[in-house]
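What follows is each chain in one-letter form.
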Amino acid sequence: MTPRLPMTIALAALLVPVVGATAPLASEGALAILDCDKVDRADCPALTAALEQQSAAAATLVAWLDKAEAKDAVRMSRAAVAIATLGDKTQAPSLHKAAAKLAEGDESKVDLLAAAARLGDKGASAGLLVLLAKGSPRTRVVATGALGLLGAREAVPTLIAALTDERQLRLQATAAQALGLIGDGRAIEPLIALAARPKVYTPARIQALDALAAFRARAAVPLATQLIDHAERDVG
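None of the values given here were measured: they were computed from a predicted structure.

## Digging into helix 13 (residues 202-215)
Here's step 1: Taking 1.5 Å of rise per residue, 14 residues should cover 20 Å, and helix 13 covers 20 Å from first to last C-alpha, within 8% of that figure.
Here's step 2: Listed as buried for helix 13 are Thr202, Ala204, Arg205, Ile206, Gln207, Ala208, Ala211, Leu212 and Phe215.
Here's step 3: Just past helix 13, the residue arginine 216 takes up positive phi, approximately 55 degrees.

## Focus on the confidence of the model for the protein
Here's step 1: Overall, the prediction assigns the protein a mean pLDDT of 82, with 80% of residues at 70 or greater.
Here's step 2: Contacts from residues 1-26, a stretch scored under 50 in pLDDT, to residues over four places away or in other chains number 76 contacts.
Here's step 3: Counted against residues more than four places away or in other chains, residues 229-233, with its pLDDT under 50, gives 6 contacts.

## Quick look at the packing of helix 6 (residues 92-99) against helix 7 (residues 107-118)
Here's step 1: Closest axis-to-axis distance for the helix 6/helix 7 pair is 9 Å, and the angle between their directions is 165 degrees. The orientation of helix 6 with respect to helix 7, classified from their angle, is roughly antiparallel. For helix 6 against helix 7, the interelement crossing comes out left-handed. Between helix 6 and helix 7, the contacting residues are Leu95, His96, Ala98 and Ala99 on the first element and Lys109, Leu112, Leu113, Ala115 and Ala116 on the second.
Here's step 2: Partitioning the contact of helix 6 with helix 7 into residue classes produces 7 nonpolar, 1 polar and 1 charged.

## Considerations on the nonpolar core
Here's step 1: In this structure, Ile33, Leu61, Leu65, Leu95, Leu112, Leu128 and Leu191 are the most contacted members of the largest nonpolar core, which totals 75 residues.
Here's step 2: Sorting elements by how many residues they give to this core places helix 5 (residues 73-86) first, with 9 residues.
Here's step 3: In contact with leucine 112, other than residues within four places in its own chain, are Leu65, Met76, Ala80, Leu95, Ala98, Ala99 and Leu102.

## A few points about helix 7
Here's step 1: Its 12 residues place the ends of helix 7 18 Å apart at the C-alpha level, agreeing with the 16 Å of an ideal helix rising 1.5 Å per residue.
Here's step 2: Counting buried residues along helix 7, 10 of its 12 residues qualify, which places the element largely inside the surrounding structure.
Here's step 3: By the burial criterion, the buried members of helix 7 are Ser108, Lys109, Val110, Asp111, Leu112, Leu113, Ala114, Ala115, Ala116 and Ala117.
Here's step 4: Its side-chain oxygen placed 2.9 Å from the backbone nitrogen of serine 108, aspartate 106 serves as the N-cap of helix 7.
Here's step 5: After helix 7 finishes, the residue glycine 120 shows a positive phi value of roughly 85 degrees.

## Here we look at the state of the cysteines
Here's step 1: Under the criterion given, the structure shown has 1 disulfide.
Here's step 2: Disulfide partner of cysteine 36: cysteine 44, at an S-S distance of 2.1 Å. Disulfide cysteine 36 to cysteine 44: torsion about the S-S bond roughly 70 degrees, handedness right-handed.
Here's step 3: Given the relative accessible area of 9%, cysteine 36 is considered buried.
Here's step 4: Judged by its relative accessible area of 0%, cysteine 44 is buried.

Here is what the cut-offs are and how they apply
Residues numbered from 1 in each chain as written. Predicted model: local features only at pLDDT ≥ 70, side-chain atom pairs only at ≥ 80, totals over all residues. Heavy atoms only, no water. Helix = DSSP H or I, 4+ residues; strand = E, 2+ residues; numbered from the N terminus. Expected span 1.5 Å × (residues − 1). Buried < 20%, exposed > 50% of the residue type's maximum accessible area, 1.4 Å probe, protein only. pLDDT = per-residue confidence, 0-100. Contact = heavy atoms within 4.5 Å. Axes fitted to C-alpha atoms, helices over the stretch in contact; angles between N-to-C directions. Parallel < 35°, antiparallel > 145°, perpendicular 65-115°, else oblique. Left-handed = near helix turned anticlockwise from the far one by under 90°. Nonpolar A, V, L, I, M, F, W, Y, C, P; charged D, E, K, R; others polar. Core = buried A, V, L, I, M, F, W, Y, C linked by side-chain atoms within 4.5 Å. Polar contact = N/O pair within 3.5 Å; in protein donor to acceptor, adjacent residues only side chain to side chain. Disulfide = S-S within 2.5 Å.

Dropping the structure here:
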């Protein structure tokens, strides 16, 4: 099995499948999600319960989010992850509104915009691009993953530049993955160059090769053959 990158809570939430039906849910039940250290089904029983009663749970969380203040940023982030996991696409405007309450330097801002991206809101791409350019290492990784899910072609030049950022190796790998999801041919040669480096962060090489496979890039076939046969190259 191809190794994958360890994901942040926000990135993990972007990929959680949505299950369950709708039914009434007490407010306190949904709001218990805000106290979960990890908003996923393994570590947050309140989220598991909410997934069985999606519409009411999402409405409760959005109502809380609308009233939340910047000082509640961490809980806002948890609410956003839960709302994205619940999968109600009509709630994306509320995530945008909440993100606007937070400064660009606030780590939770990217979680709110990434949650909107998980709901397919292409309007989140502009804010995510700003955070990709100016954010912390963690913010840049989350923004990159979200832009990939959105298929944001406007992000391609910035993501290609990230492939050469030796200071942020996780960003290299996430950018390669995002470029594969976006599917813009401008990324093929930069991805080949990344995968061909003698010394490169192994997850970045793996994601570059996966992306090239998604492109069905014939130009990458000689490289793939070389890597398979080369005993000194670590490809994971």
